[in-house]
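Observations on the three-dimensional arrangement
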Amino acid sequence: MTANALNTTRSQAIFEAAQALMPGGVSSPVRAFRSVGGQPIVFDRVKGPYAWDLDDNRYIDYVGSWGPAICGHAHPEVVAALHDALEKGTSFGAPCELENQLAAMVIEAVPSVEMVRFVNSGTEACMAVLRLMRAFTGRDKLIKFEGCYHGHADMFLVKAGSGVATLGLPDSPGVPRSTTSNTLTAPYNDLEAVKELFAENPDAIAGVILEPVVGNAGFITPEPGFLEGLRELTQENGSLLVFDEVMTGFRISYGGAQQRFGVIPDLTTMGKVIGGGLPVGAYGGKSEIMQMVAPSGPMYQAGTLSGNPLAMTAGIKTLELLKQEGTYDRLEASTERLINGIIQAAKEAGLAITGSSISAMFGFYLCEGPVRNFEEAKATDTERFARLHRAMLERGVYLAPSAFEAGFTSLAHSESDIDATLAAFSESFAAIT
Ligand code: KE4
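In this text, all values refer to a predicted model and were calculated from it rather than measured experimentally. (Residues numbered from 1 in each chain as written. Predicted model: local features only at pLDDT ≥ 70, side-chain atom pairs only at ≥ 80, totals over all residues. Heavy atoms only, no water.)

So, about the sheet that holds strand β4 (residues 115-119). Strand order in this open sheet of 7 strands is β4-β10-β9-β8-β7-β5-β6, and the pairing throughout is mixed. On the outer flanks of this sheet lie β4 and β6 (183-186), each paired with one strand and no other. Pairs of neighbouring strands in the sheet enclose a mean axial angle of 20°, with direction left out of account. Set on the sheet, helix α3 (residues 97-109) makes contact with β4 and β9 (267-271); between it and β4 the angle comes to about 125°. Contacting β5 (141-145), β6 and β7 (205-210), helix α7 (residues 191-200) crosses the sheet at an angle of about 150° to β6. (Pairing = 2+ DSSP bridges. Helix = DSSP H or I, 4+ residues; strand = E, 2+ residues; numbered from the N terminus. Axes fitted to C-alpha atoms, helices over the stretch in contact; angles between N-to-C directions. Contact = heavy atoms within 4.5 Å.)

Written out as structure tokens, the structure is:
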């Protein structure tokens, strides 16, 4: 495979026109390629593991719409189910049986979830779960971890990951100090720091929220004992443990990271995969806690399109596909082959690299490592990553346009797709030394 100078004429024209219409020409910052530079790719269509841009260049896609496309883009069974659902209308604003169906599937799959509320994004799910943590405990403070991203709600925009880290934003203007004064932060994988926060804030911390596997600071896995330690610390201090599984849910395993690691939080947020590519978020947990949510309890949260029949349909079909025997063994094996091949290719090119994968998520840093927290993640060579990203695009592989994101595989990525990807990495690493 050799690099070809990509013809991105139409992407360029459309992206230029977008600048006058939308801030940065995008609907979400990371898509603007600011941290990797060069011409963002404007997608025309997606199918299976592939994306095509407006100039008809085909890419093997390892972003997968940031997680939802775990069965492959536009899976024929999901598309067919949506066609049928469309005939019955796109939104009811009233109870519908499909909500019961998806709720029952989530409750059956995710160990911590006895009741669930659907919303329309991961941000909404995290906003609501924070309000619920505070309502249930009567406490105001929360602990989050540097580099973890829980959507763009004000109180979480403190040392956040994903686009905030990508753009090097010193947290965000427009967020009043009064809003973030209750947000305490600790380095990921640092139980001692969490213990100190509890000691300094007795009976004041509503809960601890984290990505049980971090996908928004690059890819960082929990050290042995970290999740278990948080479970004990929150129990000892009368606080709640919340796993933000918007990204890891139904990806790390069918029951999420909590099933994989055997650590059960009090509350869980979800999104992405459970919407099968349509806008969905959800939060859930112990019935005793969820009963506080209006109208069964006093904690208010609402949404016009929450639980809409199209999103429910796509989610139901996606989970049915994922529930099939052997799904996660397949995802684990192909992703492991991918990351091992990437690491080997980088080392053969004489480059420093550290990386890993769990199930259908992977990531690597262009530095020696190990990377156990966001501070250590910042050692990655972002300039060299930018050159790698462009070299891979020219070889038909679409990686997340940021060193501080994770990679996503799907059931649609074939062995030959992985082989082609590894060939592209070998050439690209050689080209950027
Ligand atoms: P959304 O509001 O973007 O649906 O979800 C926010 C969110 C919450 N929690 C976790 C763990 C997440 O990963 C996300 C969103 N993930 C990013 C990808 N790094 C979305 C991509 C984007 O911002 O464009």
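The next point concerns the side chain of Thr248. Mapped onto the fold, Thr248 is located in the loop between β8 (240-244) and α9 (256-261). Other than its neighbours up to four places away in sequence, Thr248 contacts Pro212, Val213, Gly256, Ala257 and Met361.

Moving on to the layout of surface pockets. A volume near 530 Å³ is recorded for the second largest pocket. Considering the residues around the second largest pocket, the lining is formed by 27 residues, among which Glu99, Val116, Arg117, Phe118 and Ser306 are closest to the centre. Elements with a contribution of two residues or more to the lining of the second largest pocket: α3 and β4. (1 Å grid on protein atoms, 1.4 Å probe; cavity = no way out; pocket = protein on both sides within 12 Å on 5 of 7 lines; lining within 4 Å. Points joined across faces, edges and corners; volume = space filled by probe spheres on them.)

Around the ligand, 17 residues are found, and the nearest of them are Ser28, Thr123, Asn216, Asp244 and Glu405. Within the side chain of Ser162, one N or O atom sits 3.1 Å away from a nitrogen atom of the ligand. Contact distances for the ligand include 2.7 Å between a nitrogen atom and a side-chain N or O atom of Asp244. Protein burial of the ligand: of its 540 Å² of free accessible surface, 87% is covered by the chains. Summarising the domain contributions, the shell around the ligand has at least three residues from each of domain 1 (9-62 + 326-432) and domain 2 (77-322). (Near = heavy atom within 4 Å. Polar contact = N/O pair within 3.5 Å; in protein donor to acceptor, adjacent residues only side chain to side chain. Areas by Shrake-Rupley, 256 points an atom, 1.4 Å probe, with all protein chains shown as cover. Domains from an automatic or database assignment.)

Evaluation of the coordinates by the stated rule reveals 2 cavities of 30 Å³ or more. The computed volume of the largest cavity comes to approximately 120 Å³. Considering the residues around the largest cavity, the lining is formed by Tyr62, Phe362, Gly363, Phe364, Phe385, Leu399, Ala400, Ser402, Ala403, Glu405, Ala406 and Gly407. It is strand β12 (residues 361-365) that contributes the most residues to the lining of the largest cavity, 3 residues altogether. The calculated volume of the second largest cavity comes to roughly 50 Å³.

The element strand β10 (residues 281-285) is largely enclosed, with a buried count of 5 among its 5 residues. On β10, burial covers both faces: Gly281, Tyr283 and Gly285 on one face and Ala282 and Gly284 on the other are all buried. (Buried < 20%, exposed > 50% of the residue type's maximum accessible area, 1.4 Å probe, protein only.)

Moving on to the domain arrangement of the protein chain. Domain boundaries in the protein chain define domain 1 (9-62 + 326-432) and domain 2 (77-322). Put simply, the middle of domain 1 and the middle of domain 2, counted by C-alpha atoms, are 25 Å apart. Contact with domain 1, which involves 28 residues of that partner, is made by 29 residues of domain 2. Here domain 1 and domain 2 share an interface that buries about 2,400 Å² over both sides, 63% of which is from carbon and sulfur atoms. On the surface where domain 1 and domain 2 come into contact, there are 1 salt bridge. One salt bridge connects Glu332 with Arg260, and the closest N-O pair in it is separated by 2.7 Å. Looking at the side of domain 1 that touches domain 2, the elements with two or more residues in it are α12 (327-348), β11 (354-358), β12 and α13 (374-377). Among the elements that take part in the side of domain 1 that touches domain 2, β12 stands out by supplying 4 residues, more than any other. Grouping the amino acids of the side of domain 1 that touches domain 2 by side-chain chemistry returns 15 nonpolar, 9 polar and 4 charged. (Buried area = accessible area lost by both parts, 1.4 Å probe. Salt bridge = Lys/Arg side-chain N within 4 Å of Asp/Glu carboxyl O. Nonpolar A, V, L, I, M, F, W, Y, C, P; charged D, E, K, R; others polar.)

Using the criterion set out here, one finds 13 aromatic pairs in the structure. Ring geometry for Phe364 versus Phe425: centroids 5.9 Å apart, planes at 85°, classification edge-to-face. In this pair, Phe364 is assigned in strand β12 and Phe425 in helix α15 (residues 415-432), connecting sequence segments 61 residues apart. Accessibility assignment for this pair places Phe364 and Phe425 in one class, buried. (Phe/Tyr/Trp six-rings, centres within 6.5 Å; stacked < 30°, edge-to-face > 60°.)

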